[in-house]
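An overview of the molecular structure
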Amino acid sequence: MKPKNLAYIGLIALFVLSSLAIASVNAAPEAENTTVVANKTIIIVAQNTKFNNTSPLAIKVEKNTNYTIVFKNIDEGVQHNLIIVLSRDWTEIKDGSDPQAGDILLGPVPDNATTNDTGSASNPPVYITSWVTPNEDTYVPFYCSFFGHFNAGMYGYFEVGEPGGRKPFSKAAAPGFELIVGLTAIISLTGLTVLKKRRTK
Ligand SMILES: [Cu+2]
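Scope of this entry: the structure provided in the associated data block. (Residues numbered from 1 in each chain as written. Predicted model: local features only at pLDDT ≥ 70, side-chain atom pairs only at ≥ 80, totals over all residues.)

Observations regarding the overall build of the chain
- The helix and strand tally for the chain stands at two helices and ten strands.
- In the chain, the succession of α and β elements from N to C terminus is α-β-β-β-β-β-β-β-β-β-β-α.
- Buried positions account for 26% of the 201 residues belonging to the chain.
- Here the analysis covers contacts within the chain between residues at least 6 apart in sequence; of these, 77% occur between residues at least 24 apart. (Helix = DSSP H or I, 4+ residues; strand = E, 2+ residues; numbered from the N terminus. Buried ≥ 20, exposed ≤ 12 C-beta atoms within 10 Å, placed from the backbone. Contact = placed C-beta atoms within 7 Å.)

Structure (structure tokens):
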């Protein structure tokens, strides 16, 4: 291939890859679900091993505000809980992680779950608590600690105020992209350099 063509192809590829890299960063999960907040009551429903059939479930709340959290399990024949994480960063949550001191637990943990906790569409177990949100712009993550449920997407977060920054459970941009963009840039520059040398001969 002629160096000139190689350079052009490289530059076009670089442009396309850069666009894709930017798109992948912006494509972080963006599941805003503000409709569940009414009269300071937040209803979170366990169904299909998800919260409100959304993963991650994002709920916008105000700072330093008292909310009533209603957790309802309509997942037929399956036990679930809702752990509001106030003790640790979301990156520390793994599948099956137990609640820690300071967290809010609604529903059973796997060790003490009873048949009363088994989900039902017609007669669901309901767990209620009140919660005063932090008086700062922050994300508060939540998840279900039954084995396999976190991995199935049973997690979400409260967006308290206007925290900005990286959202919990969002993927960082794939590092592979940066590598490909870098290599393409090198190929383009090499092509251009060869081209330049030929012209100056
Ligand atoms: Cu669950």
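Looking at the environment of proline 163
- Inspection of the secondary structure assignment puts proline 163 in the loop between strand S10 (155–160) and helix H2 (175–200).
- Considered as a pair, proline 163 and tyrosine 139 are 24 residues apart in the sequence and their alpha carbons are 6.6 Å apart.
- Residues within four places of proline 163 in sequence aside, it is in contact with Asp137, Thr138 and Tyr139.

Some thoughts on the environment of threonine 114
- Among the secondary structure elements, threonine 114 is positioned in the loop between strand S7 (104–106) and strand S8 (126–132).
- Given 9 C-beta atoms within 10 Å, threonine 114 falls into the exposed group.
- Along the backbone, threonine 114 and glutamine 79 are 35 residues apart, and their C-alpha atoms lie at a distance of 8.6 Å.

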